[in-house]
Amino acid sequence: MNGFYTILLLVCSNVFMTLAWYGHLKMAEFSWFKSLPLIGVIALSWGIAFFEYCLQVPANRIGFQGNGGPFSLMQLKVIQEVITLIVFIIFSVLAFHMHIQWNHILAAVCLVLAVWLVFGF
């Protein structure tokens with residue numbers, strides 16, 4: 001069950017981090033947001049990123065083998081990167097109406113290969 005909770009927390013944390021990193025680009029479409037100075041945008045992003053850390057840290061603690069979890073440190077990192085890519089692709093398609101191209105698919109296949117390699121299959 002620790003593996004499931006780890007992945008669930010990582011997905012949720014990545015949603016917050018994607019919003020913190022890229023959400024302000026979409027929010028710039030609103031006049032009230034566009035008038036914010038850069039320091040205001042940074043503060044808002046930090047506020048969103050706080051929730052990412054509130055989920056990311058427990059995910060790593062629960063999932064790490066040294067704490068009784070199922071994943072090595074390297075496995076946690078690769079899982080994190082794959083989840084980041086998936087969340088970002090979904091966000092960019094939904095928020096920015098971007099189109100997935102062949103090179104994006106190839107990059108995703110390379111990450112799946114990285115997961116395969118890091119788990120030692």
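Coordinates for the structure precede this section.
The structure contained in this document is the topic of the report that follows. Throughout this description, residue numbers start from 1 for each chain and increase along the sequence as written. Whole-chain, interface and lining totals are the exception, using all residues; otherwise, since this is a predicted model, local features are given only for residues with pLDDT of at least 70 and side-chain atom pairs are given and counted only at 80 or more. The side-chain values count all of the structure's non-hydrogen atoms but skip hydrogen atoms and water molecules.

## Things to note about the overall build of the protein
Which entries qualify depends on this criterion: We count a stretch as a helix when DSSP gives it H or I for four or more residues in a row; a strand needs E for two or more, and each element gets its number in order from the N terminus. Partly exposed residues are those whose accessible area sits between 20% and 50% of the maximum for their type, while under 20% is buried and over 50% is exposed, using a 1.4 Å probe and protein chains only. Every residue pair with non-hydrogen atoms within 4.5 Å of one another is taken to be in contact. Using the Shrake-Rupley algorithm and a 1.4 Å probe, accessible areas are obtained, with residue cover drawn only from the displayed protein chains.
Along the protein, the regular secondary structure elements total 5 helices and 0 strands. Seen in sequence order, the protein has helices and strands lined up from the N terminus as α-α-α-α-α. Based on the C-alpha atoms only, the size of the protein along its principal axes is roughly 50 × 35 × 20 Å. When the 121 residues of the protein are sorted by exposure, 26% land in the buried category. Sequence separation of 24 or more characterises 72% of the internal contacts of the protein that already satisfy a separation of 6 or more. Approximately 8,100 Å² of the protein is accessible, and the part contributed by carbon and sulfur atoms is 77%.

## Description of the nonpolar core
Counted only if it meets this: Here, the term nonpolar core denotes a set of buried Ala, Val, Leu, Ile, Met, Phe, Trp, Tyr and Cys residues that are joined through side-chain atoms within 4.5 Å.
Ranked by size, the top nonpolar core spans 9 residues in total: Leu9, Leu10, Leu55, Ala59, Phe71, Leu76, Ile79, Ile83 and Val87. Not counting residues within four places of it along the chain, the set of residues in contact with Ala59 comprises Thr6, Leu9 and Leu10.

## Details of the packing of helix H1 (residues 2-27) against helix H3 (residues 38-63)
Cut-off, in case you're wondering: Axis definition: a line fitted to C-alpha atoms, limited for helices to the stretch in contact. Angles are taken between N-to-C directions and run from 0 to 180 degrees. Working definition: roughly parallel below 35 degrees, roughly antiparallel above 145 degrees, roughly perpendicular at 65 to 115 degrees, and oblique for all remaining angles. For any pair of crossing helices, the crossing counts as left-handed if the nearer helix is rotated counterclockwise from the farther one by less than a right angle, and right-handed if it is rotated clockwise.
Two numbers describe how H1 lies on H3: the axes approach to 8 Å, and their chain directions differ by 165 degrees. Considered as vectors, H1 and H3 are oriented roughly antiparallel to each other. For the pair H1 and H3, the crossing hand works out as left-handed.

## Description of the environment of Ser45
Within the element layout of this structure, Ser45 appears in helix H3. Taking the relative accessible area as the measure of exposure, Ser45 reaches 14% and is therefore buried. Sequence separation between Ser45 and Ala107 is 62 residues; the distance between their C-alpha atoms is 27 Å.

## Quick look at the packing of H1 against helix H4 (residues 73-96)
To describe two helices that pack against each other, one gives the angle between their axes and the distance between the axes. Rules: Any residue that is not Ala, Val, Leu, Ile, Met, Phe, Trp, Tyr, Cys, Pro, Asp, Glu, Lys or Arg is counted as polar, Gly included; the first ten are nonpolar and the last four charged.
Look at H1 against H4: their axes get within 9 Å of each other, and the N-to-C directions meet at 45 degrees. By the angle class used here, H1 and H4 are oblique. In the packing of H1 onto H4, the handedness of the crossing is right-handed. Within the contact between the two elements, H1 uses Thr6, Ile7, Leu10, Val11, Asn14, Val15, Thr18, Leu19, Tyr22, Gly23, Leu25 and Lys26 and H4 uses Leu76, Ile79, Gln80, Ile83, Thr84, Val87, Phe88, Phe91, Ala95 and Phe96. Class assignment of the residues belonging to the contact of H1 with H4 gives a composition of 15 nonpolar, 6 polar and 1 charged.

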